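Chains, contacts and geometry: an overview
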Amino acid sequence: IKKEIEEFKALGVRLEQEHRSILKNIEGKQEEAVKQADGYQQQLKGVMKILDQLKLGIDSLFKKINCDRSVLDEMLGASSSIREANIMQYLGLIEQKTNELLAAQSFLDSKNYDKPNDPQETARVLLGQLVDLQPAVFEIQPPGTGRSYCRWMDSMHPIP
């Protein structure tokens, strides 16, 4: 009986050690999850800040080009402030107003343009596709990715 009691005690000690090991492992995972959640919380704050700036910019642009707010009031109700849920409606109205303004500008440009003899050229002018204008060429420079990229770029393009 004493031998069995000692075996049970040894088993109890071993199980307790296993439980502590499991508990320590779980606590480590919990700490890691908390750190990860904190990181995500910081990312969320950054994204929300950018989103707020976008909302302000969209509202400013909406007002500057005199978009018709009554359409939004009809669609969204009286409280038609910019939110994440309705931002696309605002951008749609801005796009529509921009297209109207571009069409008006194209019409005004066609009035100031000497009338060409060719009917196809006249159509291009009325559509805002002036023949003598060349499309702009844009050079896109991607952002750097860190020190290794800078060293690589320096080796490719040494400073004289």
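Reference entry: report on the structure contained in this document. Since this is a predicted model, take the numbers as computed values, not measurements.

**A short note on the packing of helix H1 (residues 2–64) against helix H3 (residues 87–112)**
- At a closest axis distance of 10 Å, the pairing of H1 and H3 adopts a crossing angle of 35°. Considering the relative orientation of H1 and H3, their crossing is left-handed. For the pair H1 and H3, the contacting residues are Leu51, Lys55, Ile58, Leu61 and Phe62 in the first and Ile87, Tyr90, Leu91, Leu93 and Ile94 in the second.
- Taken together, the residues of the contact of H1 with H3 sort by class into nine nonpolar, no polar and one charged.

**Details of the side chain of asparagine 86**
- Among the structural elements, asparagine 86 can be located in the loop between helix H2 (69–76) and H3.
- If near-sequence neighbours (up to four positions away) are discounted, asparagine 86 is found in contact with Leu76 and Ser81.

**Some details on H3**
- The first and last C-alpha atoms of H3 sit 37 Å apart over 26 residues, in line with the 38 Å expected at 1.5 Å per residue.
- Within the sequence span of H3, burial applies to Ile87, Tyr90, Leu93, Ile94, Ser106 and Ser110.

**Notes on unusual backbone geometry**
- For asparagine 66, which is not a glycine, the phi torsion comes out positive at approximately 55°.
- Within the secondary structure, asparagine 66 is located in the loop between H1 and H2.
- Judged by relative accessible area, asparagine 66 falls into the exposed class, the value being 59%.

Calculation notes
- Residues numbered from 1 in each chain as written.
- Predicted model: local features only at pLDDT ≥ 70, side-chain atom pairs only at ≥ 80, totals over all residues.
- Heavy atoms only, no water.
- Axes fitted to C-alpha atoms, helices over the stretch in contact; angles between N-to-C directions.
- Helix = DSSP H or I, 4+ residues; strand = E, 2+ residues; numbered from the N terminus.
- Left-handed = near helix turned anticlockwise from the far one by under 90°.
- Contact = heavy atoms within 4.5 Å.
- Nonpolar A, V, L, I, M, F, W, Y, C, P; charged D, E, K, R; others polar.
- Expected span 1.5 Å × (residues − 1).
- Buried < 20%, exposed > 50% of the residue type's maximum accessible area, 1.4 Å probe, protein only.

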